[in-house]
Amino acid sequence: MFKIFIIEDDQGLVTLLQDYLHKFGYVTQAVQDFEAVRTEFEQYAPHLVLLDVNLPKFDGYYWCRQIRGISTCPILFISAREGKMDQVMALENGADDYITKPFDYEIALAKIKSHLRRAYGSYAAGGNERSLNVSGLLLDVDRLLLSRGSARIELSHTEAKILDELMQKAGTVVTRDRLLEKIWDEQAFVDDNTLNVYVTRVRKKLAVLEIQDGLQTVRGQGYRLSGDWGEAQ
């Protein structure tokens, strides 16, 4: 039974969301103290988070970073902000999706189901115990870990899926359409900037492992993981 943590200060919306999600067998908990969101998250240990942008004390971007620092569970923003930059900021701060208010509850449910499947269900990496190794760069698909030498870094589910595809086809071009097909289904949020944001995040993760130019943009085609970074020092 999946647990969903709702971080939203509109009590009316919280009640409607909880009533709707309970009909489909989900367990929910809404935040009680907006100064202790991370503590309540850790205590509840949810499978997925629904998070508003405009909140008392600190905004949703702040709490998204706090949660992402300790968990890779799916985080879906629900917000009345419709601007492109608001959605880009959500992704850059670690979110997996963005739902604009007012929203259709069936579409919101479909997005929730999609992310739960990808994180824990039939589309999840777990169960196959897969790992990939390209020139000493090791991706642990099951544990969402990327390592090189003695250094390692945690990944979000989306970052891991991008690297999974790129590492399987290392040295060759993976088209943007292929990456979008791999990562998102027709129900999930897709924007022109979405893939760019995630590729930037992947590049930052590679840079932590001292791989600066390993992920190359092939103009008009897609991306290529070169594998030419040599051994870790």
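Going by the structure above, here's the rest.
A closer look at the nonpolar core
In a soluble, globular protein the nonpolar side chains are often hidden away together inside.
Then, number 1: Membership of the largest hydrophobic core comes to 31 residues, with the highest contact counts inside it found for L137, L139, L146, M167, L206 and L215.
Then, number 2: In terms of residue count, the dominant contributor to this core is helix α8 (residues 194–208) (six residues).
Then, number 3: One finds F5, W63, I67 and A90 within the second-largest nonpolar core, a separate group that totals 21 residues.

Thoughts on the sheet that holds strand β4 (residues 75–79)
Within a beta sheet, neighbouring strands are joined by backbone hydrogen bonds and run either parallel or antiparallel to one another.
Then, number 1: Spatially, five strands are ordered β2-β1-β3-β4-β5 in an open sheet, and the strand pairing comes out parallel. The outermost strands of the open sheet, each flanked by one partner alone, are β2 (27–30) and β5 (97–100). Here the average twist between neighbouring strands, direction ignored, is 20 degrees.
Then, number 2: Note: strand β1 (residues 3–7) against strand β3 (residues 48–51), four bridges, orientation parallel. For I6, the partnering residue across the bridge sits in β3 and is L50.
Then, number 3: Together, β1, β3, β4 and β5 form the strand contacts of helix α5 (residues 105–120), whose direction differs from that of β5 by roughly 170 degrees.

Points about unusual backbone geometry
Then, number 1: A cis geometry characterises the amide bond from K101 onward to P102, with omega recorded as -10 degrees.
Then, number 2: Here P102 shows up in the loop between β5 and α5.
Then, number 3: One non-glycine residue with positive phi stands out, namely K57, at about 70 degrees.
Then, number 4: Tracing the backbone shows K57 in the loop between β3 and α3 (60–68).
Then, number 5: At S135, a residue that is not glycine, the phi angle is positive and equals roughly 50 degrees.
Then, number 6: In this fold, S135 is placed in the loop between β6 (131–134) and β7 (137–140).

Some details on the state of the cysteines
What makes a disulfide is a covalent bond joining the sulfur atoms belonging to two cysteines.
Then, number 1: Throughout the structure, instances matching the rule amount to zero disulfides.
Then, number 2: For C64, which is in no disulfide, the shortest distance to another cysteine sulfur is to C73 and amounts to 9.2 Å.
Then, number 3: Exposure remark for C64: the relative accessible area of 0% places this residue in the buried category.

Definitions and limits used
Numbers given for residues are sequential positions, taken from 1 along each chain in its written order. Given that the model is predicted, a residue must reach a pLDDT of at least 70 before its local features are reported, and side-chain atom pairs must reach 80 or more before they are shown or counted; all residues, however, enter totals for whole chains, interfaces and linings. Side-chain calculation: all heavy atoms of the structure are included, whereas hydrogens and water are not. Nonpolar cores were defined as sets of buried Ala, Val, Leu, Ile, Met, Phe, Trp, Tyr and Cys residues, with membership established by side-chain atoms within 4.5 Å. Only protein chains enter the accessibility calculation, which uses a 1.4 Å probe; a residue whose area is less than 20% of its type maximum is buried, one above 50% is exposed, and one in between is partly exposed. The secondary structure listing takes helices from DSSP runs of H or I that are at least 4 residues long and strands from runs of E that are at least 2 residues long, numbered from the N terminus. Only when DSSP finds a minimum of two bridges between them are two strands counted as paired. Between the N-to-C directions of two axes lies an angle of 0 to 180 degrees, each axis being a line fitted to C-alpha atoms and, for a helix, fitted only over the stretch in contact. Any two residues whose heavy atoms approach within 4.5 Å at even a single point are treated as in contact. Cysteine sulfur pairs qualify as disulfides if the two atoms are within 2.5 Å.

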